[in-house]
Amino acid sequence: MAQDARGTPLWEVELGPERPPLEGTVLADVCVVGLGGSGLSCVRELRRLGASVVGVDAGRVGWGAAGRNGGFLLAGLAPFYHDVVERFGRERARAMYALTMEELDRVAAETPDGVSRHGSLRIAESPDELADCERQYEAMREDGFPAEHYEGDQGRGLLIPGDGTFQPLLRCCAVAEQSLDAGATLHERSSVTDIRPGCVSTERGAVQCDLVIVAVDGRLEQLLPELQGAVRSARLQMLATAPTSEVHLEHPVYARWGFDYWQQRPDGTIAMGGARDLAEESEWTTDARPTDEVQRALEQRLRDTLGVHAPITHRWAAIVGYTVNGLPVIGEVRRGVWAIGGYCGTGNVVGSLLGRGLARWRIGGDDSLVRPFLHAND
Ligand SMILES: Cc1cc2nc3c(=O)[nH]c(=O)nc-3n(C[C@H](O)[C@H](O)[C@H](O)COP(=O)(O)OP(=O)(O)OC[C@H]3O[C@@H](n4cnc5c(N)ncnc54)[C@H](O)[C@@H]3O)c2cc1C
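Chains are numbered independently. Their residues run from 1 in the order of the written sequence. Only residues with pLDDT of at least 70 get local features here, since the model is predicted, and only at 80 or more are side-chain atom pairs given and counted; chain-wide, interface and lining totals rely on the full set of residues. Computation of side-chain values: all heavy atoms of the structure, hydrogens and water removed.

A. Geometry of the overall build of the protein chain. Secondary structure elements are taken from DSSP: a helix is a run of H or I of four residues or more, a strand is a run of E of two residues or more, and numbering for both begins at the N terminus. Looking only at helices and strands, the protein chain has 9 helices and 19 strands in total. Its C-alpha atoms give the protein chain a radius of gyration of 20 Å, near enough to 21 Å, the size a compact globule of 378 residues would have. Overall, the protein chain is about 55 × 50 × 40 Å in size when its C-alpha atoms are taken along their principal axes. When the 378 residues of the protein chain are sorted by exposure, 59% land in the buried category. For the protein chain, the proportion of contacts with a sequence separation of at least 24, taken over those separated by at least 6, is 74%. Values of accessible area rely on a 1.4 Å probe in the Shrake-Rupley scheme; residue burial ignores everything except the protein chains shown. Total accessible area on the protein chain is roughly 15300 Å²; 48% of this is exposed by carbon and sulfur atoms. Positive charge is attributed to Lys and Arg, negative charge to Asp and Glu, and no charge count is given to His or to the chain ends. Charge positions are represented by NZ for Lys, CZ for Arg, CG for Asp and CD for Glu. Positive and negative side-chain charges in the protein chain, numbering 38 and 54 respectively, have mean positions lying 3 Å apart. We take the radius of gyration over the C-alpha atoms and set the globule estimate at 2.2 Å times the residue count to the 0.38 power. Per-residue accessibility, obtained with a 1.4 Å probe over protein chains only, is compared with the maximum for each type, and a residue is labelled buried under 20%, exposed over 50%, and partly exposed between these values. Here, residues are in contact when the closest pair of their heavy atoms is within 4.5 Å.

Below, the structure is given as structure tokens:
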């Protein structure tokens, strides 16, 4: 393969000065473990509600999946809308979808840098998939959600007009700054070694608190082994090209049942991910290094389907959590220790919603943002 920045995401930005690691014992109302998009959304909301909050991360802000993903801002959950209706009933499906639509608007309004709202495409690559797009269209229209048939340069399928894209690491940095401005304390390079009711320990410090919120998507079952069986970590991989004018892709695309996805950034760069299913077992891992097998499949997709021959500049991977039924995890795992995660590869919007929603519920007593997501074992 050609030379490229292996392991570095397209989104890399100057992160600014490091927040110091946690040292010694500190007190707070709440300790949030994990400073990706979900944890940061939780931290910021906790401060808005007046709670004192300490956030800790093993790496730096947004260094997990939250700053290394495909950059799609999608309403809904990972399963397609009609599948959610079938699995969880219409009322819950409708409530969850409506909440994520509102959250998407909120993300775009609160951290607008790098956000575009050109809708997203679900492109069918077989008659079966096209028929499934039609089922999704009918279910969404019946429940009053925006969906349009699409037939154009990018193929045939559905256009979901309210969706969009963003620069994921930029958003993490912006929410971290907003949290710090609001009075939160954040500690980077502070790996959590032990979580007990009322106490989170890292290598060199501890947070004594009333409430612990673990907002970790990939590797959640390692941190909280009670969740083994409920959530399973998987690697997702991506590549990106140099800016190119070989194609002009107006909308980000989800293809082949959502297994493959790509978008063109405003500077002409193509970011493409997927092919996880082609490598099967090897991608159920917590090793975040890209592999030749999946990278070759992505490269072939880029060259053959899109006809793009621009050089590949970045190849990277990160770890996410999958659940069996497609609903994210949200629940009290130990007394006073709550967890959110397991977004099945689509956590940018729903993770932000659940982070904010859990803060409002546990501190403000308002469960309206999380209620339809509860009963994760349904
Ligand atoms: C390649 C790829 C493409 C994707 N594309 C999309 C997409 O286009 N749209 C979409 O919606 N979703 C997408 N996703 C999924 C999405 O990125 C995630 O669901 C979401 O970012 C999860 O955010 P989070 O904050 O919950 O978790 P994470 O980003 O995983 O953050 C958790 C944080 O916890 C920290 N942590 C873990 N263990 C410890 C510990 N022991 N001590 C302290 N800290 C710890 C990690 O360092 C990390 O920073 C994609 C994911 C990947 C990998």
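The structure having been displayed, the exposition proceeds.
B. The environment of His118, seen in detail. Within the secondary structure, His118 sits in the loop between α3 (90-110) and β5 (120-123). Overall, His118 belongs to the partly exposed group, its relative accessible area being 48%. Between the C-alpha atoms of His118 and Pro161, which are 43 residues apart in sequence, the distance is 6.7 Å.

C. Looking closely at the pattern of salt bridges. Any carboxyl oxygen of Asp or Glu within 4 Å of a side-chain nitrogen of Lys or Arg constitutes a salt bridge here. Within the structure shown, the criterion is met by 31 salt bridges. When the shortest N-O distance is used, the salt bridge between Glu281 and Arg232 registers 3.7 Å. Note that Glu281 is positioned in the loop between α7 (276-279) and α8 (292-304) and Arg232 in strand β13 (residues 231-241), a separation of 49 residues in sequence. You can call Arg232 partly exposed: its relative accessible area is 41%. Taken together, the salt bridges that share partners define one network made up of Arg44, Glu45, Arg48, Arg106, Glu110, Arg360 and Asp366.

D. Quick peek at the packing of helix α1 (residues 37-48) against helix α5 (residues 168-181). Between α1 and α5, whose axes approach to 9 Å, the crossing angle comes to 20 degrees. Looking at the two axes, α1 sits roughly parallel to α5. The two elements α1 and α5 meet at a crossing, and its hand is left-handed. Residues Gly37, Leu40, Ser41, Val43, Arg44 and Arg47 of α1 touch α5, and the partners they reach there are Arg171, Cys172, Val175, Ala176, Gln178 and Ser179. Residues are grouped as follows: Ala, Val, Leu, Ile, Met, Phe, Trp, Tyr, Cys and Pro are nonpolar; Asp, Glu, Lys and Arg are charged; every other residue, Gly included, is polar. Looking at the contact of α1 with α5, its residues break down into 5 nonpolar, 4 polar and 3 charged. In this description, a line fitted to the C-alpha atoms serves as the axis of each element, helices being fitted only across the stretch in contact, and the angle between N-to-C directions of two axes falls anywhere from 0 to 180 degrees. Each angle gets one of four labels, with under 35 degrees taken as roughly parallel, over 145 as roughly antiparallel, 65 to 115 as roughly perpendicular, and the rest as oblique. Two helices that cross are described as forming a left-handed crossing if the nearer one is turned anticlockwise from the farther one by less than a right angle, and a right-handed crossing if clockwise.

E. Fine view of the pairing of β13. In terms of burial, β13 is largely enclosed, as 10 of its 11 residues are buried. Both β13 and strand β17 (residues 312-323) contribute to a ladder of 11 bridges, which runs antiparallel. Of the residues in β17, the one forming a bridge with Thr241 is Ile312. A strand pair is defined by DSSP finding two or more bridges across the two strands.

F. Just the packing of aromatic side chains, in detail. Between 30 and 60 degrees the pair is tilted, below 30 it is stacked and above 60 it is edge-to-face, where a pair is any two Phe, Tyr or Trp rings, Trp via its six-membered ring, whose centres lie within 6.5 Å. This structure, assessed with the given rule, holds 8 aromatic pairs. Relative to Tyr322, the ring of Trp284 lies with its centre 5.8 Å away and its plane at 80 degrees, an arrangement referred to as edge-to-face. Taken together, the residues Trp284 in the loop between α7 and α8 and Tyr322 in strand β17 connect sequence positions 38 residues apart. Ring pairs connect the aromatic residues Phe72, Tyr254 and Tyr261, which therefore count as one cluster. Geometrically, a lysine NZ or arginine CZ counts as sitting over a ring once it is within 6 Å of the ring centre and also within 35 degrees of the ring normal. Above the ring of Tyr322, the side-chain terminus of Arg276 is found at 4.2 Å from the ring centroid. Its guanidinium or amino end placed over the ring of Trp361, Arg362 lies 4.7 Å from that ring's centre, counting from NZ or CZ.

G. Main features of the site of the ligand. Around the ligand sit 34 residues in total, of which Ser38, Asp57, Ala66, Val192 and Asp217 are the nearest. Within 3.5 Å is the distance limit for a polar contact, defined as a pair of N or O atoms, with the added protein rule that one can donate a hydrogen and the other accept it, and that residues adjacent in sequence qualify only through two side-chain atoms. Measuring from an oxygen atom of the ligand, one finds a backbone N or O atom of Asn348 at 2.9 Å. Burial of the ligand by the protein chains amounts to 94% of its free accessible area of 1000 Å². Elements that contribute at least two residues to the shell around the ligand include exactly α1, β13 and β17. Of the residues that constitute the shell around the ligand, the class distribution is 15 nonpolar, 16 polar and 3 charged. The rule for a residue being near a molecule or strand is that one of its heavy atoms must lie within 4 Å of it.

H. Examining the side chain of Thr165 more closely. As for its placement among the helices and strands, Thr165 is situated in strand β8 (residues 164-165). Taking relative accessible area as the criterion, Thr165 reaches 6% and is therefore assigned buried. Apart from residues no more than four positions distant in its own chain, Thr165 is found in contact with Gly71, Phe72, Leu73, Gly114, Val115, Ser116, Pro252, Gln263 and Arg265.

I. Representation of the packing of α1 against helix α9 (residues 348-364) in the model. Packing of α1 against α9 brings their axes to within 7 Å, and their N-to-C directions diverge by 35 degrees. Crossing of α1 over α9 shows right-handed handedness. Contacts between α1 and α9 involve Gly37, Ser38, Ser41, Cys42, Glu45 and Leu46 from the first element and Gly351, Ser352, Gly355, Arg356, Ala359, Arg360 and Ile363 from the second. Per-class residue counts for the contact of α1 with α9 are 4 nonpolar, 6 polar and 3 charged.

J. Summary view of helix α2 (residues 81-88). Looking only at α2, the buried set comprises Tyr81, His82, Val84 and Phe88. Within α2, the buried residues cover an arc of 160 degrees as seen down the axis, which keeps them to one side. As for α2, its buried residues are in contact with α3, β5 and α4 (127-142). The first or second residue beyond α2 is Gly89, which carries a positive phi of 90 degrees. Arc definition: directions from the helix axis to the C-beta atoms.

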